[in-house]
Every structure is written in C-alpha cells, then in structure tokens.
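Spelled out from the first residue to the last, the chains are:
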Amino acid sequence: MGEEQEQSEDLERRAGRRRVGWKTRTRRSLQTSLHAFARKHDDHSGDRRKMGRFVAHAAEELAFGRAFLFVPLLMAFGAAWWFSRPSSPPFWGLFLYWSIAVLSWLALRYARPGRRLAAGAAAAFLTGAVFAQLEVQRLSTVMLDAPVTTQVTGLVEAREPTDSGWRYVVRVVATEDPVIRRPPDRVTLVARGKLPPIETGGAITGLARLSPPSGPALPGLVDFGFLSYFDGIGAVGFFYGAPQAPSTPISFPPEGIFQSAGNAAGLWIERLRDSIAGKIRAVLPGESGAFANAIITGERRALSDSTLDALRNAGLAHVIAISGLHMALAAGIFFSTLRLFLSFSPKAAEAVATKKLAALTAMFAAAFYLAISGMQVSARRAFIMLAVMLAAAIVDRPAISLRNVALAGLVILAMSPSEAVGPGMQMSFAATLALIAGYSIWRRRQAGEGGGKTHAMARIIIVAASGILLTALIGGLSTAPIAMAHFQRVAGYGLLGNLLAMPVVTFLVMPAGLLAMLAMPLGLHAPFLLIMGLGLDWVIAIAKWVDGLGGAFETGAMPPGFLILFLVGFMLLVLLSTRLRLAGLAPMALAFGLLFLPQNRGAPALLVSEDGVLLAFVTGDAAALSKSRPPAFIYEQWQSAYAIKSAEPPEESQRTAALFDGVDRFDRLDWDRLEGAGVALASDIAAARKRPGHFICEKDAWCVAVLSGGAPQSGTLSVAQIFRPALAGAACDHADVVVSVYRPGFEACRSGSFLVTPAMRRQTGALRLTIKPPETITGAASDDAEPPGLGKIPENGAPVRIGLFGDFEYELGAERSDHVVEEASMRAARFAGAGPPERMAAGLQPSLERQTASRPAEALQPSEMGAGRAENSDPGSTAFEAFARRTTQGGALGTLASAACGKPQITITPAITSLTRPWNRHRLYDWRSGTYQTPIDLPKQVEFVSGSGGSGRQACPEP
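Residues numbered from 1 in each chain as written. Predicted model: local features only at pLDDT ≥ 70, side-chain atom pairs only at ≥ 80, totals over all residues. Heavy atoms only, no water.

An unreviewed UniProt entry lists the protein under the name ComEC family competence protein, with Martelella lutilitoris given as the organism. Recorded in UniProt for the protein, the comment headed Subcellular location (unreviewed entry) runs: "Cell membrane". (UniProt positions renumbered as here; feature names shortened; annotations may be inferred.)

Next up, the structure:
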C-alpha cells in the first residue's frame, strides 16, 4: 500500500511538473535545497540550529512568493531617495546603473537566494528612481518665479464653491500689464463674492494677484510647491474684484488631435460634475450639502473651518477625502446589489457567471465615481487598488490578498512615483495591509475554534460589531505613526469617533448616496439625498461631540529616522507569515524609542515665515509671536510641529505714527525722520531687554525682541523685523538679526548683523534659527582684539572704522577732522534722501552708541529728533565724538575685549535645500535677465557676542 501511494505521488509530481511554469519549478527546487540545508545543520550546536530554523523560515517565505510583496516597497524607497536628493542625478548614469542591476538580476535568477535577492532588490530600488525621473520629465510644470499682479485671461477647466466665493482652475492663455515672460500653464484663482460664477469651459479674464505655490512652513514639513508641481499647478492667487467673461473671443494655441480630444472629454466630465454638485446643493443647503458634495463630487472647500477641524480632531478626516473607503463601499454595494438581483432569476443565474458580471459592472461604476469625484490623487489610488481586486475576482483569483495590494502598488508607482513620499499613499497602503493581515489571523483563529451553537442572527451581529471594532482599531493603530510623522498630531479619541460614525457612513450615508446617483437621471434623487443629509448631520454631531472630549493631541515633529524605521518594521510584520515577521518589532521599537531621547526641539528657536511677515520665538511649548493675529495657515503648522500650547502676542503701540505720518511705506526718509527712527528703535530694544522673549511692535515700522539661549550664561540676541525698507540700515546697527519684509536695497549688513532679505527667503523658504548656548571664553584679551564690523581696536592716533546705519563705513581717530563728519553726513543723507550736513554735528545718534536707549518710551515727535547727547561727554560734543574718544582712549569698547564673555550661536536651517530640482528651480529664475541665478551661500552657523551692551558685535578675540 505504501509503495502504491509513493508511485501515485510520483506520478502527480511528474504531472504537476509538466503543467507548472519555470517560476514554480524554480521555487520548488529552491525550497527543497533550503530544507535540505536546514536538515543538514539541524544536528549541530544551538547557533547552527537557529540558523537552520532561520533558513527554513526564509525558504517557506520564498516558497509562498513573499519576496514579490517587497518589490513595490523597494520601488517606493528608490523614488523617495531620488526625490530627497539636493540635485537631480544624471539620467544616463542612473539608467546605466539600473540596466546593470536588471541584467544582474536576470543573470542570477537561478543562482543562490542571497545573490538573486540582492540583485532583485537593487533592480527594484533603481526602478523606482528611474520612474521618478521619468515622471518629472513627463510633467515639466512651469512654476511662476515671483509674485505679480497682472491681467489673466484663460479657460475655466474646473470650479468649486468656497465659503466666500468660487475657486477656479484656469488654463492660462494670455497675461497683460505686465506680460509674464514665463507664464504658468495652469493656475488656481479664488474670486470672492456672491456674483454669478463663470461656467466650466468658459473664458475668464480679470486682474489677479499671482504667487508661486508656497514651500514648507518649516524644514521637514509638507512642501506645497512640490505637490503643486505634480498636480500641474504653476501658480496660486486671487482676483481683484469679480472676474468677467472676455468681450472678444480668445484664441487658443494649436493642439494635437489627442490633446484636443482629452481636453474636450475633461470639460464634459467637469460640466457633469458641476451639474451633480448643483443638484445636491439645491436639495441639501448648508453643512450637510457641502459634506455630501465632498463625498460624491470631491468638492470640500465649502465646508466650514469648524466642521473640518471637528472631523480632523475626531479622527474622521478620511470620510471627506474620497479614498479606498468610499470606492470600496460604492463598488461593494453595487456589486452585492446587482448579484442579489441576478440571483432572483434562476435562468440568469445559470446562464451567466453572476459574480464575474457583477465585478465587471462594479468596476465601471467605480470608474464613473472616479470621474465625477474630480480625479483626486487619493481617488485614483483607491480606484487602481479596487480595479486590481475586481479583476482578480473576474479571473477566479482571490480578490482580497496581499499580492493584489502589491500589484496595485506597482501600478501606482509606475504611473505616479511622487505619491511614495506623500502621506496619502503611505497611510492608505498601511491601513490596507494591516487590515488584510489582521483579518487573516482572525479567520485562522475562528476556523481553529470551530463553529459554535450561537444563533445565526446573534452571530451576524457579533461578527459585524467585531468587524467594525477591529477595522477601527487596526486602521487607527497602523496609520497613527504616519500621521505623527507628517502632520505632528494624532486624534486622541479617533477610535471612539470611528466606532460611532462609521456604522452611520457604511449603512446609511453611502447606500443613500448611491441610490441618489442612480435616481438622479430620472429626477428622483431628492428623497435619497435627504436621507443621506440626515446621516451626515449625525456624523457632524458625533465629530463635534468627540472633539469636545479633548480633540487631537499635538505630538511635535518626529525625530529623524522615525518614519523609515517604523515603515521597515511594519512591512516586515504584515508582509511575512512565519516567525520571521517578529523581526519587524525591533525597528518599530527603535522608532518609538527615539521619542524618548533628548531632542533638539527643546532648544530655543526663532522661526521666520517665507514671506517674512510672521516671526515666532519658541521655547519649549510656549511661543512669542510678532503678530497678534498670525496667518492661520502658517501658525497652525508651527503649532503642530513644536506642540505649542501657549502663544504670547506682541506689545503693540503707535508711538511712531507721527514720525511716519504722510510717508508711504516704500518712500525714503529724510534725515530727521531717519534719526528719530533710530532713537525710537534703540528705545524699544532697550525695553525688550527688560522682557526677554517678548516682541514689542510699532505699527508699520518694526517689531523687536531680545532672545535668550536658555542657558544661565547664554547672553541675549536682539532681533528686529522691519516693515519699511528705509529702516533696514538703522536696524542693522541696533540688532543682531534683522528680518526685512521688503527689499532693503542691500543684501548684507556691514555692521556684522545677520540680515534676512526677501531675496534670501525666496531661495531658502522659511527659516529656523536655533539658538545654541555660548562657549564661554575667559581671560584678558589682547589689544588687537577684532570686533567684527569695527576692525581692530587701534592704538592712540590710529583711525577706527565704524558702521553708520549698517551700509556705510567711516574712519575716526585722534586726528579726526570736521570734513570727515561732513562727508559721513552727506553719504548718509544721500541714502536717506534729504538732510543737511550740519545735522551730523548737531546731534547725530551714532550707530553703536546705546546711551539713548534709556530714553523714556513716550510718543516721539519729529521736532524732538536730533537732540540726543551722549552721557559723560563734554558740553557741546556730540555722541558721535564721544564715542570716537572712548574708542581711541580705551573706553567702553576697549574694556569689552578684556571682559569674560560668551559666544551665542544660531544654527540656520532653511526649509528648501534642493534649489536645482525642477519643483524649486523657479526660485532661481531672474525675469529681468531671463537667466537662472546662482544659489546664495547661506551660512550654517553665525556667532554673536553676549554682554557687549550693544547690538551683539563680536567684542571678544577669536578662539
């Protein structure tokens, strides 16, 4: 009997060998050899037995084709590597290495597993990088290089209502007054007001303010310019007033047949989408209608900020983004309903394969849903995953499997590798993989326990409740670390919000919405939309109630390496089936262990927005702001990144209102006003020294603050934010760090201060200036100690160079003559625009004199400017002369060098470091010359001297 069984098995093996392909035969031979290797080493010592078990588990994983599951992961890492490079690697070099890796994998496909897997991993990694470069070359989006106000004429490709008007996606045809030399192809423009909107597909014209898409709000945060580049949007902005239809027909550039057909199909779909959205708004006005449109047509901007915040804080933000949840529910309901109706007819059930027909029809329904949803990135990704699973059902393959998820990942990465670095794809695939792995374990345990005697209805209820609980739990746990890495926040009560809201969405909202869409061609959609609106009102109420319990928790920026370690460990845990999957716990534990290490996030930091309008000094979880009403878009990101719990507004006043009365912001100032501004600025800095870490602001003039490094001997640094270009020079003489909101006319302070100009921020984006504790230097300094910006302290009779208003240098000494003072005054007057030379001798406030800083903070009048005298000076001498005498006679500055002092440092971190990449290269473009500029050389660290009694110029010898 045993011999017959062996012969039968041998015949089956031979028959199977004839039927299967070369991949199966290779896998079987590999499995046999690895098992033989494991048995060979099984009788050796403990380490060898462990190695044998490891090899056996690896052989089992390879036998089940688990290696294929890691191919899209390696491609995603390759694409992410390519996008993270400071400059684009040469394509031919990358293509050469990719060719070598692919040929090596083909040559080693029958070799030992280690070599074959290493070659395959290199090939998959480089394939992701090659696809990323091909995607960039395929798009070639033209990005606007600088903000401009111009007359825009174009074609409305899409429109969407907002809470205050309409948002248009416009294909630009022409610009006028001025003509943009390098115009973007597509822009998004917001028109405020309740006037009738321009129809989709119609021509539009109007005066608009265009700006390049903004970069990251801080280093490491979301780069909206990157996202806009891959969305094909080259500029964003708004209309001044209501846009109009052009009085004369506009002429479009010639298009090819395929491009023309594609544009026509796109316009037809947008018109259909706009019609559906209008019918929904007619039945469901208000929040429920906006919510319904977000789910059906993808129009989310009509939702109020309060509702959006409640949904996010309750962990229900995924409900308003058309993703796998909506696609699966819509296609699943359609699939199940159609198959149920076909089963009512025995003849139909016998004549056709109802499962395949329902799957094919559900695929077309999902494609229609994708079209009317606006073809969002998340919707396209969800459709590809769903299409792969439905196609598997059509060819009699398991629909829900890890292999199908991997296939969907390959298709997405081949079409759009840029999604690999975004949170959408990472969270979507993490939740899908975790749910499939979790449910497979649950099914195995259910099968092992066997069937019970529970009543059928009770069992259905238990299974449904358990499914909802497990879905919310697994989905929340698998995506929370990714949300922490990208958004620096996590919904604390997200599990509760999903448990309460998702049954309403699954069993009421989505079925009613599907029935409304089916009945809309007949005009019978209103009752179903009302039912859908009722369910959405319940969801909003649940979200607001859950938000009231505590809302989302700000986690702050994650440490470097956290996301990569988590993803590596997570993928090992969910993709492997043997005990080898437990190896994924190590990198995951290491990732969470990084959270408990001391972070540099606690160091005091000065944050500068990309436009220079907002400054924040962050210490711990508290922040001092330079604006009482900061821009929400920027500040909310800063708040999440630093987990800011309390924010202190600035102290605002209008003491200088009379000084700048009738003077335009961009006008030059006469000598009296410029001198008075210097006195007032010094007074505010002196007042800020009494309240370190607090901003003092003068309306339309400046904001100043004195910042501390946090250590007991760290000293202080003074910061000035300037809103008038004419005041930048005076700020250079009084502050260590100067942030000019507008172009000051020069790019560096001769006084040694660190100047942040619009030209710098255009290339660097937002800046983070981290203040480090100083390195204390003790001991007497030599006589030739050199303060930066002042030159060496001279011997008697030698001239000394000083800085006046940041942009001029003068020599003064024992042999100083009056013509030197007059020459200096004339040069300063030419910069200021007016002012007689005699004002210098009548009481000029020197740039490094700080005696007037003790002046009371009363309102200053122009008539009072220019009477400042230095204390401890001879009668009739000016502060300028007193300063020169004290310098040459070893006075105030002479004693500073011999005193013990520290060197506070600021570490400068720009938000944008890859200026030559295609999505950032527009920042280097000069529209005047039509060429690309050379990137600026931004220092990584800047040192200042604390305790100098002045602006922080270096008063200690170099170490």
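Don't stop here, the text continues.
Chemist: Hey, could you run me through the pairing of strand 1 (residues 148-161) in this one?
Modeler: Walk down a regular strand and you will see the side chains alternate between the two sheet faces. Within strand 1, 12 of the 14 residues are buried, leaving the element largely enclosed by the surrounding structure. Pairing analysis gives 8 bridges linking strand 1 to strand 4 (residues 203-211), with the strands arranged antiparallel. Along strand 4, the bridge assignment pairs L155 with A203. Summarising the sheet, strand 1 and strand 2 (residues 165-176) pair through 10 bridges and their orientation is antiparallel. Residue Q151 lies in a different strand from strand 2, and its bridge partner there is E176. Hairpin connection, strand 1 to strand 2: the antiparallel pair is bridged by 3 residues. (Buried < 20%, exposed > 50% of the residue type's maximum accessible area, 1.4 Å probe, protein only. Helix = DSSP H or I, 4+ residues; strand = E, 2+ residues; numbered from the N terminus. Pairing = 2+ DSSP bridges.)

Chemist: Help me understand the sheet that holds strand 9 (residues 615-619) in this model?
Modeler: In sheet architecture, strand pairing relies on hydrogen bonds along the backbone and comes in two forms, parallel and antiparallel. Read from one edge of the open sheet, 7 strands run 11-10-9-8-18-21-24, paired in mixed fashion. Edge positions in the sheet fall to strand 11 (646-648) and strand 24 (941-943), since each of these pairs with one other strand and no more. The sheet shows a mean angle of 25° between the axes of neighbouring strands, direction not considered. (Axes fitted to C-alpha atoms, helices over the stretch in contact; angles between N-to-C directions.)

Chemist: Could you clarify how one ought to interpret the pairing of strand 4 in this entry?
Modeler: Bridge analysis of strand 4 against strand 5 (residues 235-239) gives 4 bridges, and the strand direction is antiparallel. Counterpart to R209 in the pairing with strand 5 is F238.

Chemist: Would you explain the state of the cysteines in this entry?
Modeler: Formally, a disulfide is one covalent bond, and it connects the sulfur atom of one cysteine to the sulfur atom of another. A complete count under the given rule lists 2 disulfides for this structure. Note that C697 is cross-linked by a disulfide to C703, the S-S spacing being 2.0 Å. The disulfide joining C697 to C703 has a torsion of about 115° about its S-S bond and is therefore right-handed. Here the two residues C697 and C703 agree in accessibility, since each one is buried. The disulfide partner of C732 is C749, and the gap between their sulfur atoms is 1.8 Å. (Disulfide = S-S within 2.5 Å.)

Chemist: Looking at this structure, how should I read the pattern of salt bridges?
Modeler: Where side chains of opposite charge bring their charged atoms close, a pairing between them can arise. One pass over the structure, following the stated rule, counts 19 salt bridges. In this structure, E651 and R691 form a salt bridge, with 3.3 Å as the shortest nitrogen-oxygen distance. Of this pair, E651 sits in strand 12 (residues 651-653) while R691 sits in the loop between helix 24 (671-690) and strand 13 (696-698), and the two are 40 residues apart along the sequence. Residue classification places E651 among the partly exposed residues on the basis of a relative accessible area of 38%. Taking the relative accessible area as the measure of exposure, R691 reaches 38% and is therefore partly exposed. (Salt bridge = Lys/Arg side-chain N within 4 Å of Asp/Glu carboxyl O.)

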